[in-house]
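# Reading the structure
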Amino acid sequence: MNRSPELQKETGIAGRYAIAVAATAVAVIVSKLLQPIMFTNLCPLFCLAVAVAALYGGVGPGVVASLLSGAALDYWYFPPLNHISIATTDIGGLVVFLVVAGFITWLGGTVRNQRRKAVQAHMALRKSEERFQLASEPLAAFLYDYDLTTGLVERFGGLEEVVGFKPTQIPPTPDWWIERIHPEDIERVMRDAKQAFDSSATSYAHQYRMRHQQGHYIYIGDRGRIVRDQTGCPVRVLGGVSDISARKRAEEALHASEERFRLATEALAAFLYDWNPVTNHLEWFGGMEEVLGFRLDEVRPDVAWYRSRVHPDDLALVWHSGHEALESGARGHSNVYRIRHRDGHYIHVADRSRMVRDESGRAIRVLGGVSDISERLHLETERTELLQREHEARTAAEAASRARDEMLGVVSHDLRNPLAAIGLCASALSQSIEPGSESVQRMLASIKHSADSTDRLIEDLLDVSSIESGRLALETRAENPGYLLEQTADLFAAAASDHGVGLELRITPDLPAVLADAERVVQGLANLVTNSLKCTDRGGHITLGAEPDPSGVRFAVEDTGVGIAADDLPYVFDRFWQKHREGRQRSTGLGLAIVRGIVDAHGGQISVESTLGKGSRFSFTLPTAN
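Thresholds applied
- Residues numbered from 1 in each chain as written.
- Predicted model: local features only at pLDDT ≥ 70, side-chain atom pairs only at ≥ 80, totals over all residues.
- Heavy atoms only, no water.
- Helix = DSSP H or I, 4+ residues; strand = E, 2+ residues; numbered from the N terminus.
- Buried < 20%, exposed > 50% of the residue type's maximum accessible area, 1.4 Å probe, protein only.
- Contact = heavy atoms within 4.5 Å.
- Areas by Shrake-Rupley, 256 points an atom, 1.4 Å probe, with all protein chains shown as cover.
- Expected span 1.5 Å × (residues − 1).
- Arc of directions from axis to C-beta.
- Core = buried A, V, L, I, M, F, W, Y, C linked by side-chain atoms within 4.5 Å.
- Polar contact = N/O pair within 3.5 Å; in protein donor to acceptor, adjacent residues only side chain to side chain.
- 1 Å grid on protein atoms, 1.4 Å probe; cavity = no way out; pocket = protein on both sides within 12 Å on 5 of 7 lines; lining within 4 Å.
- Points joined across faces, edges and corners; volume = space filled by probe spheres on them.
- Nonpolar A, V, L, I, M, F, W, Y, C, P; charged D, E, K, R; others polar.
- Salt bridge = Lys/Arg side-chain N within 4 Å of Asp/Glu carboxyl O.
- Pairing = 2+ DSSP bridges.
- Axes fitted to C-alpha atoms, helices over the stretch in contact; angles between N-to-C directions.
- Parallel < 35°, antiparallel > 145°, perpendicular 65-115°, else oblique.
- Left-handed = near helix turned anticlockwise from the far one by under 90°.
- Patch = residues over 30% accessible without salt bridge, like charges linked within 9 Å, V, L, I, M, F, W, Y side chains within 5 Å.

### Structural notes on the overall build of the chain
- Scanning the chain from N- to C-terminus turns up 17 helices and 17 strands.
- Among the 626 residues that make up the chain, the fraction classed as buried is 34%.
- Partitioning the intrachain contacts of the chain with sequence separation of at least 6 by distance along the chain shows that 58% fall at a separation of at least 24.
- If you sum the accessible surface of the chain, you get close to 37000 Å²; carbon and sulfur atoms cover 57% of it.

### A look at the environment of glycine 109
- Here glycine 109 lies in helix α5 (residues 91-136).
- The class of glycine 109 is buried, set by a relative accessible area of 4%.
- Excluding anything up to four places from it in sequence, glycine 109 contacts Ala54 and Val59.

### With respect to helix α8 (residues 183-198)
- The first and last C-alpha atoms of α8 sit 23 Å apart over 16 residues, in line with the 22 Å expected at 1.5 Å per residue.
- Along α8, the residues that are buried comprise Asp185, Val189, Ala193 and Ala196. Down the axis of α8, the sector holding all buried residues measures 60 degrees, keeping them to one side. Facing away from the buried side of α8, by more than 90 degrees, are the exposed residues Pro183, Glu187, Lys194 and Asp198.
- Looking at the packing, one finds that the buried side of α8 touches β3 (203-211) and β4 (217-228).

### Structural notes on the nonpolar core
- Ranked by size, the top nonpolar core spans 33 residues in total, and within it Phe555 and Phe620 carry the most contacts.
- Those elements giving two or more residues to this core turn out to be α15 (481-499), β13 (514-516), α16 (518-535), β14 (541-549), β15 (552-559), α17 (591-601), β16 (606-611) and β17 (615-622).
- It is α16 that contributes the most residues to this core, eight residues altogether.
- Ignoring any residue separated from it by four or fewer positions in sequence, one finds phenylalanine 620 in contact with Val521, Leu525, Leu528, Val553, Arg554, Phe555, Val599, Gln605 and Ile606.
- Formed by 24 residues, the second largest nonpolar core is a distinct cluster that contains Val291, Val303, Ile339 and Ala363.

### Focus on the side chain of histidine 182
- Within the secondary structure, histidine 182 is located in the loop between α7 (174-179) and α8.
- Residue classification places histidine 182 among the buried residues on the basis of a relative accessible area of 13%.
- For histidine 182, the side chain forms a polar contact with the main-chain nitrogen of glutamate 184, separated by 3.0 Å.
- With sequence-adjacent residues up to four places away left out, histidine 182 is seen in contact with Arg209 and Tyr217.

### Details of empty space enclosed by the protein
- By the definition in use, this model includes two cavities of 30 Å³ or more.
- Considered as a void within the structure, the second largest cavity measures approximately 40 Å³ in volume.
- As for the second largest cavity, its lining consists of Val521, Gly524, Val595, Ile598, Val599, His602, Phe620 and Leu622.
- Of the residues that constitute the lining of the second largest cavity, the class distribution is six nonpolar, two polar and no charged.

### Side note on the pattern of salt bridges
- For the structure on display, the rule yields 19 salt bridges.
- Here glutamate 298 makes a salt bridge to arginine 295, at a shortest N to O gap of 3.3 Å.
- Judged by relative accessible area, arginine 295 falls into the partly exposed class, the value being 41%.
- Among the salt bridges present, the one from arginine 376 reaches glutamate 380, with a minimum N-O distance of 3.7 Å.

### A few points about helix α3 (residues 43-57)
- Counted at 1.5 Å a residue, the expected span for α3 with its 15 residues is 21 Å, and the 20 Å between its end C-alpha atoms agrees.
- Among all positions in α3, only Phe46, Cys47, Ala49, Val50, Ala53, Ala54 and Gly57 are buried. Considered in projection along α3, the buried side chains sweep an arc of 155 degrees and stay on one side of the axis.
- Positive backbone phi, at 110 degrees, marks glycine 58, one or two positions downstream of α3.

### Concerning the sheet that holds β14
- The strand order β12-β14-β15-β17-β16 describes an open sheet built from five strands, whose pairing is mixed. Each of the sheet's edge strands pairs with one partner strand only, and the pair in question is β12 (502-507) and β16. Strand-to-strand twist in this sheet, taken as the mean axis angle between neighbours without regard to direction, amounts to 15 degrees.
- As paired elements, β16 and β17 share six bridges and run antiparallel to each other. When the bridges of β17 are listed, threonine 611 appears paired with glycine 615.

### Digging into the packing of α3 against helix α4 (residues 59-77)
- Relative orientation of the contacting elements α3 and α4 amounts to 160 degrees, with a least axis distance of 7 Å. Taken as axis vectors, α3 and α4 run roughly antiparallel relative to one another. Our pair here, α3 against α4, has a crossing hand that is right-handed. Residue-level inspection shows Cys43, Phe46, Ala49, Val50, Ala53, Ala54 and Gly57 of α3 in contact with α4, the latter providing Val59, Pro61, Gly62, Ala65, Ser66, Ser69, Ala72, Leu73 and Tyr77.

### Comments concerning a nonpolar patch on the surface
- A contiguous nonpolar surface patch, about 330 Å² in accessible area, is contributed by Val59, Val63, Leu67 and Leu98.
- For the nonpolar patch, the element with the most residues is α4, which contributes three residues.
- Counting through the fold element by element, valine 63 comes out in helix α4.
- Judged by its relative accessible area of 40%, valine 63 is partly exposed.

### Comments concerning the environment of aspartate 343
- Residue position: aspartate 343 is located in the loop between β8 (332-340) and β9 (346-357).
- Aspartate 343 sits in the exposed class, given a relative accessible area of 56%.
- Each C-alpha atom, one on aspartate 343 and one on phenylalanine 294, is 9.9 Å from the other, the two residues being 49 residues apart in sequence.
- A polar side-chain atom of aspartate 343 sits 3.1 Å from a polar atom in the side chain of histidine 341.

Shown next, in the form of structure tokens:
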């Protein structure tokens, strides 16, 4: 740091004594020049030289200047002239000069010392102000001096860095500052300030929000000391203001984090621990009350206390595995065991921890969490029991299904043979009886029809059984969609004519071949046409069609029959579902279920659209052969 002009005048020891010599020499030269005029009064001139030496050099140079000046006076001006002699006739005058010079030397040295102290004090004050300026700017802080007797406030430091205003922009009163305090904080701040002034307090500290020059609010830390007079009344306040917005945001973030942690531990029914295996120091925190029923202030920070509450059957395993994890160098450890609740019953807990190790691998800290998993284990047990019961029920159902299939196979075999014999006998009798016996012919035709119907029922039951068990056999190959529809139309041409129902084909040209089992597809189409014939009155129409579809080829059977109610549409493909209609023939309810099973086995999709009184449209898709 550069020295001030005053301090720059301070030189070394040689320089100070040079000032004494130079001052005396100047006095001698001036006295020689003035001797003709002031021959009888030259002492003041040398006294001035002594004063200059003492004032700028100190006491030492002042004494030197006094001695040199006395010698000069004795040599040149006191007789005998040009000779230094103590036995001069004017010894009294020389003594008087030396006494006066000594006094001047003392006075000049005193003034010089006082001046040096003042300069040093000024420099110390300036350094202090510079240090305050440097300290307050990075801290975003400023100071104030509030004189309660005059009501004036002096603010200095980093005011602009805190609130955005320069000191010259702010009136020297407290009202301006008070008006900028947040409305939600002003009452509390003024109340606390009044309490501090009215009491014997010597200091105060506030935190509040202050409106910045840009309009937003910042958090302020306001600390100060109260100066009181002899009666205890406050007369002056010296304080400092700093911007603590960043700290407040950090505190709020920490509080929010702690709150989230608290809510998480409570929601998870968990508490945490921090254990030092070296010192055996242990800390608990979190939701222990939700897990074990104890508040944290009721629990000793002691491993032995926790160990005493572990179920006796689990204790050895828990402590052995924990000790093994500590010694093995593992980074973490987990365990499940039972522990006694405050009310005496045992709960299941999951204990998971992470281990912090020093450079040698020794565990020096264990951070872990304990959560109540009793409800989860209970649900898992119930789930396991339900799965076991479901497995047993499924096994029993599969066994029953196999037994049904076996019985159905036996029954169908045993029934179809007699039915075939009945049909053959009826045909033979019909051919052997004379044509004129019409009544006998009708009975034989009825017998054959009943046998054929029963055979078809058995066939349907076998198909449904195969579909449900996933064993419906298919022999797929590339088939022409038009050929499949024509086969179906040929099967029902006579029946449609007998019912007075029109039957037509509507096939889009150049359809790609489908990958299908022709016999099964025709069976499905036949079931749909049979269903339409039952629901279509004389004079109606049934249309068999095929058209391209994104999934392949879409087949459709559309009629102008009575239609199906919207509420019944979701159930039409269920087994044994049938809607009884007055005057309509009852069915087994298996035909549409078999159609869906055939379509599903081909990888297609089936759907139905219907309007009461207007008819229905059943359609399904089959994949193309390529």
